[in-house]
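Survey of secondary and tertiary structure
One letter stands for each residue in the lines below.
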Amino acid sequence: MTAIVDIELELITRATAQFPDAVVRDELDNNLLNELPTIRVQQVPTGDDDGFRLARFLVDVDVFAATRADAITLARAVHAWLTGELPGAAGESVVFGRIAALTLPAPRPYENTALRRTGGTYEVFCHPVS
């Protein structure tokens, strides 16, 4: 049976190291304007596994920044990291396989006009370390 990994925790931990100038989290709070840029990682409540080892997760990754240009720039860097550098990476509990964008990073609406949001949705294949 597939061992389910905490995909949010795995991605947040790795993104925090990869993007040290950003706050990386799974939930937003009322202090968001003071914590820009912020990268939010949220598992979408769907996905599946092969019944043996390989799991497929869908993950939304949103970037919040002071300007649209800053949000787009950081979202592109996150996209390049997720799809270009993270596949094949292994840690203590997980090995990442193919990662693909289901929706490319693009501006997304957000109710606070004092900041900008850009995000994409990613399909992440991974399995636990043996």
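The structure under discussion appears in the preceding block.
Described below are features of the structure shown in this document. (Residues numbered from 1 in each chain as written. Predicted model: local features only at pLDDT ≥ 70, side-chain atom pairs only at ≥ 80, totals over all residues. Heavy atoms only, no water.)

1. Looking at the pairing of strand S3 (residues 55–65)
- Among the 11 residues of S3, nine are classified as buried, and the element is accordingly described as predominantly covered.
- If you look at the hairpin formed by strand S2 (residues 38–49) and S3, you'll find five residues sitting between the two strands, and Gly51 has a positive phi there, around 80°.
- Pairing of S3 with strand S5 (residues 116–128) involves 11 bridges; the strand directions are antiparallel. Within S5, the residue paired with Asp60 across the bridge is Thr121. (Buried < 20%, exposed > 50% of the residue type's maximum accessible area, 1.4 Å probe, protein only. Helix = DSSP H or I, 4+ residues; strand = E, 2+ residues; numbered from the N terminus. Pairing = 2+ DSSP bridges.)

2. Things to note about helix H1 (residues 7–18)
- With 12 residues, H1 extends 16 Å between its outermost C-alpha atoms, agreeing within 8% with the 16 Å of an ideal straight helix rising 1.5 Å per residue.
- Within the sequence span of H1, burial applies to Ile7, Glu8, Glu10, Leu11, Ile12, Arg14 and Ala15.
- At its buried positions, H1 is contacted by strand S1 (23–25), S2, S3, helix H2 (68–85), strand S4 (94–108) and S5. (Expected span 1.5 Å × (residues − 1). Contact = heavy atoms within 4.5 Å.)

3. Remarks on the side chain of Asp62
- Structurally, Asp62 can be placed in strand S3.
- When its relative accessible area of 2% is taken as the criterion, Asp62 is described as buried.
- Within the local environment of Asp62, its side chain forms a polar contact with the side chain of Arg117, the two groups lying 3.3 Å apart.
- In this view, Asp62 contacts Thr38, Ile39, Arg40, Arg108, Arg117, Thr118 and Gly119; residues no more than four positions away in its chain are not counted. (Polar contact = N/O pair within 3.5 Å; in protein donor to acceptor, adjacent residues only side chain to side chain.)

4. A few points about the nonpolar core
- Among the nonpolar cores identified, the biggest contains 29 residues, and Ile39, Leu82 and Phe96 are the most heavily contacted of them.
- At the level of elements, H1, S2, S3, H2, S4 and S5 are the ones that each hand at least two residues to this core.
- Other than its neighbours up to four places away in sequence, Ile39 contacts Phe19, Ala22, Val23, Val24, Arg25, Val61, Asp62, Val63, Leu74 and Val78. (Core = buried A, V, L, I, M, F, W, Y, C linked by side-chain atoms within 4.5 Å.)

5. Notes on the side chain of Glu10
- Relative to the elements of secondary structure, Glu10 occurs in helix H1.
- Residue class for Glu10 comes out buried when judged on its relative accessible area of 15%.
- Residue contacts for Glu10: discarding those within four places in its chain leaves Ser93, Val94 and Phe96.

6. Some thoughts on the sheet that holds S1
- Spatial ordering of the open sheet is given by S1-S2-S3-S5-S4, a layout of five strands whose pairing is mixed. Lying at the two open borders of the sheet, with one neighbouring strand each, are S1 and S4. Neighbour-to-neighbour, the strand axes of the sheet open up by a mean angle of 20°, direction not taken into account.
- On top of the sheet, H2 reaches S2, S3, S4 and S5; it is set at about 155° to S4, its chief contact. (Axes fitted to C-alpha atoms, helices over the stretch in contact; angles between N-to-C directions.)

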